[in-house]
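# Geometric and topological summary
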Amino acid sequence: MDSPVKDVTPVATAAAAGPRGVPVRDEGPGGRLGSVALVVTSGLSVQFGAAVAVLLMPRAGALGVVTLRLVLAAVVLLAVCRPRVRGYGRADWGTIVAFGTAMAGMNVLIYQSSSRIPLGAAVTLEVLGPLVLSVVASRRWTNLLWAGLALAGVVLLGGGGFDRLDPLGAAFALGAGGMWAAYIVFGARTGRRFPQADGLALAMAFGAVLSLPLGIAEAGGRLLVPSTVALGLAVALMSSVLPYTLELLALRRMPAPTFAILMSLEPAVAALAGFLVLSQALSTADALAIALVIAASIGAVRTRPKGPSSGG
C-alpha cells in the first residue's frame, strides 16, 4: 500500500469524492459553510468527550477508556450502518486496516498523553500532525500562510511551557499527531471507497479489536462495571461515533489540506472544554491564540480552490 506521504496529492481529489468515487458537486459558499459546520461540530463533540474521558480514567485507566470508547462506538456503528462485507477488493480492505489502525493508534497515544499532561497541552502538540500534513499536501502558498498562522496560535496556546511537560506525555502527543495525519489521509480514501458510513464502521471495528487486549490487560473486570460502561458509552458517542461520522462527510466535501488546517481548531476547543469541564482557566494569551487559530481556519476555507477537485 502506498505511504501517506507518497499519496497526499490524490487525497485532495479523493476527499471530494462521494461513495464509490462519484465526485461531489461544488456547493458554493453555502456548501463551504456546511463543511466547516461539520468540522466545528465534530471538534466540539470530540473534545468535550475527551474531557469526560479524563474524568473516567481513574476508573478504567487510559487504555481501558480507549477500549471502551472504540468497542462501544464500533457496536453502535455496526448496528446502525449494518455494512456489507462482500464485493470489496484487497485495496479496499487495506484502506480499512490502515484507517482502523490510525484511529486506534491516535486514541491510545492521546489518552496516554492526557493522563500525563494537561488536555489542552496534549491536543496542542497533537495538532502539529495535521498542520504538517496541510503543508506537505498543499501546493498553494496561501495554505502555507494559513498553516503558519495556525501554528503561531498553537504555540501561543501552549504558553511557552512545553519544556515543563512530562517528556513521555509530550512524546505520546506528538505520536498521536502522526496518527491524526494518517487518519485524515486514510479517512479520505475510506470516504471514496465505501458508501455512507460503512467504511467508518468497519474501520472502527478493526481499531476496537486492536485496542481490546490493551484495555483488558490494564483494566480487566473494571471494564464491565455498569456505571463505567455508561460513561464509556457517552465518551464513545461524543468522541467517536458523532465526530468521526461528521469528519468523514467533511472529507468528502473539502480538500485534505483545508481539512487539516481546520483541525487546528481542536486545541482551542480543548481549552474551552478544559475550562468548562475540568475547571482549567483561560488566560488573555489563550484567548489571543484561539483568535489566531480561528482566523487561520476561516482564511483557509475562504481561499480554498473551487472546482470539482475541491469539493463543495
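The notes below deal with the structure included here. Sequence order sets the numbering: in each chain, residues are counted from 1 along the sequence as written. With the structure being a predicted model, the display of local features is reserved for residues of pLDDT at least 70 and the display and counting of side-chain atom pairs for 80 or more, all residues being used for whole-chain, interface and lining totals. Each side-chain value is worked out from all heavy atoms of the structure, with water and hydrogens disregarded.

So, about the overall build of the protein chain. Looking only at helices and strands, the protein chain has 12 helices and 0 strands in total. Numbering of helices and strands runs from the N terminus, with a helix taken as a DSSP run of H or I at least four residues long and a strand as a DSSP run of E at least two residues long. From first element to last, N terminus to C terminus, the protein chain shows the α and β order α-α-α-α-α-α-α-α-α-α-α-α. Under the scheme applied here, a residue whose accessible area is under 20% of the maximum for its type counts as buried, over 50% as exposed, and between as partly exposed, the area being computed with a 1.4 Å probe on protein chains only. Expressed as a percentage of the 312 residues in the protein chain, the buried residues total 55%. Contacts in the protein chain between residues at least 24 apart in sequence constitute 89% of all its contacts with a sequence separation of at least 6. Working definition of accessibility: Shrake-Rupley area with a 1.4 Å probe, residue cover restricted to the visible protein chains. By element, 70% of the accessible surface of the protein chain is carried by carbon and sulfur atoms, the whole surface being about 12,600 Å². In this description, contact between two residues means that some pair of their heavy atoms is separated by no more than 4.5 Å.

For the rest of this paragraph, the subject is the packing of aromatic side chains. Pairing of aromatic rings covers Phe, Tyr and Trp, the last through its six-membered ring, and needs centres within 6.5 Å; plane angles under 30 degrees mean stacked, over 60 mean edge-to-face, and all others mean tilted. Tallied over the entire structure, the rule returns 5 aromatic pairs. With 4.4 Å between their ring centres and 35 degrees between their planes, Tyr88 and Phe194 make a pair best called tilted. Linking Tyr88 in the loop between α2 (28-81) and α3 (90-114) with Phe194 in the loop between α7 (167-193) and α8 (198-219), this pair joins segments that are 106 residues apart in sequence. Pairing Trp93 with Phe194 gives two aromatic rings, centres 6.4 Å apart and planes at 65 degrees, and the pair type is edge-to-face. Taken together, the residues Trp93 in helix α3 and Phe194 in the loop between α7 and α8 connect sequence positions 101 residues apart. Taking relative accessible area as the criterion, Phe194 reaches 0% and is therefore assigned buried. One aromatic cluster is present, formed by Tyr88, Trp93 and Phe194 through successive ring pairs.

On to the nonpolar core. Generally speaking, nonpolar side chains in soluble globular proteins are found buried as a group. The biggest cluster of nonpolar side chains holds 73 residues, and the ones touching the most others in it are Met103, Tyr111, Tyr183, Ile184, Leu200, Met204 and Phe259. Within the residue set of this core, elements represented by two or more residues are α2, α3, α4 (119-126), α5 (128-137), α7, α8, α9 (226-251) and α10 (256-262). If you tally residues by element for this core, the top one is α2, at 18 residues. In contact with Met204, other than residues within four places in its own chain, are Leu70, Ala73, Ala74, Leu77, Met103, Ser240 and Tyr244. For this analysis, a nonpolar core means a set of buried residues of the types Ala, Val, Leu, Ile, Met, Phe, Trp, Tyr and Cys, connected via side-chain atoms within 4.5 Å.

Take unusual backbone geometry next. In this structure, Arg82 is a non-glycine residue whose phi angle is positive, near 45 degrees. Counting through the fold element by element, Arg82 comes out in the loop between α2 and α3. Classification of Arg82 as exposed rests on a relative accessible area of 70%. Even without being a glycine, Gln196 presents a positive backbone phi close to 50 degrees.

With that settled, consider the packing of α5 against α7. Here, axes are lines fitted to C-alpha atoms. For helices the fit covers the stretch in contact, and angles between N-to-C directions go from 0 to 180 degrees. For the pair α5 and α7, interaxial distance at closest approach is 7 Å and the crossing angle is 50 degrees. By the criterion of interaxial angle, the relationship of α5 to α7 is oblique. In this structure, the crossing between α5 and α7 has a hand that is right-handed. The residues of α7 that touch α5, namely those facing Leu128, Gly129, Pro130 and Leu133, are Leu174, Gly177, Trp180, Ala181, Ile184 and Val185. Of the residues contributing to the contact of α5 with α7, the split by class is 8 nonpolar, 2 polar and no charged. Small angles under 35 degrees read as roughly parallel and large ones over 145 as roughly antiparallel, with 65 to 115 read as roughly perpendicular and the rest as oblique. Here a crossing is called left-handed whenever its near helix is offset anticlockwise from the far helix by less than a right angle, and right-handed whenever the offset is clockwise. Ten residues, namely Ala, Val, Leu, Ile, Met, Phe, Trp, Tyr, Cys and Pro, are considered nonpolar, four, namely Asp, Glu, Lys and Arg, are considered charged, and the remaining ones, Gly among them, are considered polar.

Mapped onto the fold, Gly191 is located in helix α7. The class of Gly191 is buried, set by a relative accessible area of 1%. Between the C-alpha atoms of Gly191 and Glu247, which are 56 residues apart in sequence, the distance is 9.8 Å.

This part is about the side chain of Thr67. For Thr67, the position within the fold is in helix α2. The exposure class assigned to Thr67 is buried, which follows from its relative accessible area of 3%. Definition of a polar contact: a pair of N or O atoms within 3.5 Å, with one able to donate and the other able to accept a hydrogen when the atoms are protein atoms, and with sequence-neighbouring residues admitted only if both atoms are side-chain atoms. Within the local environment of Thr67, its side chain forms a polar contact with the backbone nitrogen of Gly215, the two atoms lying 3.3 Å apart. Here Thr67 is in contact with Leu72, Ser211, Leu212, Gly215 and Leu223, once residues within four sequence places are set aside.

This part covers the pattern of salt bridges. Within this document, salt bridges are pairs made up of a side-chain nitrogen of Lys or Arg and a carboxyl oxygen of Asp or Glu, the two lying within 4 Å of each other. Per the counting criterion, the structure on display carries 1 salt bridge. A salt bridge links Asp92 to Arg193; its shortest N-O distance comes to 2.9 Å. Of this pair, Asp92 sits in helix α3 while Arg193 sits in helix α7; the two residues are 101 residues apart in sequence, bridging distant segments of the chain. Under the relative-accessibility criterion, Arg193 is labelled partly exposed at 23%.

Let us now look at a nonpolar patch on the surface. Together, Val135, Trp141, Leu144 and Leu145 make up an exposed nonpolar region whose accessible area comes to about 420 Å². If one sorts the elements of the nonpolar patch by residue count, helix α6 (residues 141-157) sits on top with 3 residues. Topologically, Trp141 is positioned in helix α6. Taking relative accessible area as the criterion, Trp141 reaches 64% and is therefore assigned exposed. To count toward a patch, a residue needs a relative accessible area above 30% and no salt bridge. Like charges then connect within 9 Å, nonpolar side chains (Val, Leu, Ile, Met, Phe, Trp, Tyr) within 5 Å.

In this section: α3. The periodicity of an α-helix, 3.6 residues per turn, causes residues three or four positions apart to be oriented the same way. Expected span, for any helix, means 1.5 Å times one less than how many residues it has. With 25 residues, α3 extends 36 Å from end C-alpha to end C-alpha; this agrees with the ideal 36 Å at 1.5 Å per step. With 19 of 25 residues buried, α3 lies mostly within the body of the structure.

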